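Overview (structure and organization)
Listed here are the chains, written in short residue letters.
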Amino acid sequence: MIEYRKLRENEIRIELFEKFVRHQVVTDCLRKENDEWVIRSAPFIDDWSEKDYTFLVSCLKNTVATGGLVYGAFYNGSLKGFVSVESKLFGGEQKYLDLSSIHVSEDMRGQGIGKSLFLYAKAWAKEKGAEKLYISAHSAVESQAFYKAMGCVEAQVCCKKHVEEEPYDCQLECEV
């Protein structure tokens, strides 16, 4: 049985990710060409190094410290999925809150964990006064299929910071 709960800043440590497997084999990605989305072959393996996990821990701690949400999915006491939402509204009339991360461990994908995490993030964002979640989303076709199934569409207003940091990401929004 999966246990879902908010994470406190003091529990977010590198050890939390001991049994979390980020590994993702990517073959095809969405790319915007001439104002149209097309699928292109772009094979690579997405995995996190210890340095990546260290950076992630600092980001997630900051999210909690600044009033945002970090919500986890645990199986047999081990973290197997998490979502984070930042606390600051942006995007003018769009009233976005940034869904800064959502990941499910490779060994637990396809079991509804991502959907549960996403729905909780939407509910939390609505409570905080947002009208939409903003997602700078991985362009892998599998990732995009998930976001589409969750009701995400192309963002009406793009966050320049996200576009500059991850130019191949798809900038999405989802009503809360």
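The text that follows walks through the structure, step by step, so that each part is easy to find. Everything quoted here is computed from the prediction, not taken from an experiment. Residue indices follow the written sequence of each chain, beginning from 1 at its first position. The predicted origin of the model limits local features to residues at a pLDDT of at least 70 and limits the giving and counting of side-chain atom pairs to 80 or more, whereas totals for whole chains, interfaces and linings rest on all residues. Processing note: side-chain calculations cover all non-hydrogen atoms of the structure and skip hydrogens and water entirely.

Side note on helix H2 (residues 113-127)
Numbering of helices and strands runs from the N terminus; a helix is a DSSP stretch of H or I covering at least four residues, while a strand is a stretch of E covering at least two. To estimate how far a helix should reach, multiply one less than its number of residues by 1.5 Å. Between its terminal C-alpha atoms H2 stretches 21 Å, which fits the 21 Å expected from 15 residues at 1.5 Å a residue. Residue exposure (1.4 Å probe, protein chains only): buried if accessible area is under 20% of the type maximum, exposed if over 50%, otherwise partly exposed. Among all positions in H2, only Ile-113, Gly-114, Leu-117, Phe-118, Ala-121, Lys-122, Trp-124 and Ala-125 are buried. Buried residues of H2, viewed axially, fall in a sector of 165°; they line one side. Facing away from the buried side of H2, by more than 90 degrees, are the exposed residues Lys-126 and Glu-127. Where H2 terminates, the next one or two residues include Gly-129, which has phi positive at roughly 95°. The arc refers to the directions leading from the helix axis to the C-beta atoms.

Here we look at the pattern of salt bridges
Think of a salt bridge as a Lys or Arg side-chain nitrogen and an Asp or Glu carboxyl oxygen that are within 4 Å of each other. The full count for this structure, using the stated rule, is eleven salt bridges. For the salt bridge of Glu-11 with Arg-5, the shortest nitrogen-to-oxygen distance reads 2.8 Å. Residue class for Arg-5 comes out partly exposed when judged on its relative accessible area of 25%. A salt bridge links Glu-173 to Lys-132; the shortest N-O distance between them is 2.9 Å. Of this pair, Glu-173 sits in strand S9 (residues 170-175) while Lys-132 is found in strand S7 (residues 132-137), placing the two residues 41 residues apart along the sequence.

Examining the sheet that holds strand S5 (residues 78-85)
Spatial ordering of the open sheet is given by S1-S4-S5-S6-S7-S9-S8, a layout of seven strands whose pairing is mixed. What marks the edges here is a single partner per strand, and that holds for strand S1 (2-6) and strand S8 (153-154). When DSSP locates at least two bridges between a pair of strands, those strands are taken to pair. Of the pairings in the sheet, the one linking S5 to strand S6 (residues 96-104) comprises five bridges and is antiparallel in character. Residue Val-83 lies in a different strand from S6, and its bridge partner there is Ile-102. Of the strands in this sheet, strand S4 (69-75), S5 and S6 touch helix H1 (residues 50-65), which is tilted by about 55° from S5. By definition, residues are in contact when any of their heavy atoms lie within 4.5 Å. Axis lines are fitted to C-alpha atoms, over the contacting stretch for helices. Their N-to-C directions set the angle, which ranges from 0 to 180 degrees. Each of S1, S4, S5, S6, S7 and S9 touches H2; the most contacted strand, S6, lies at about 160° to it.

No statement about biological role is implied by the geometric values presented.
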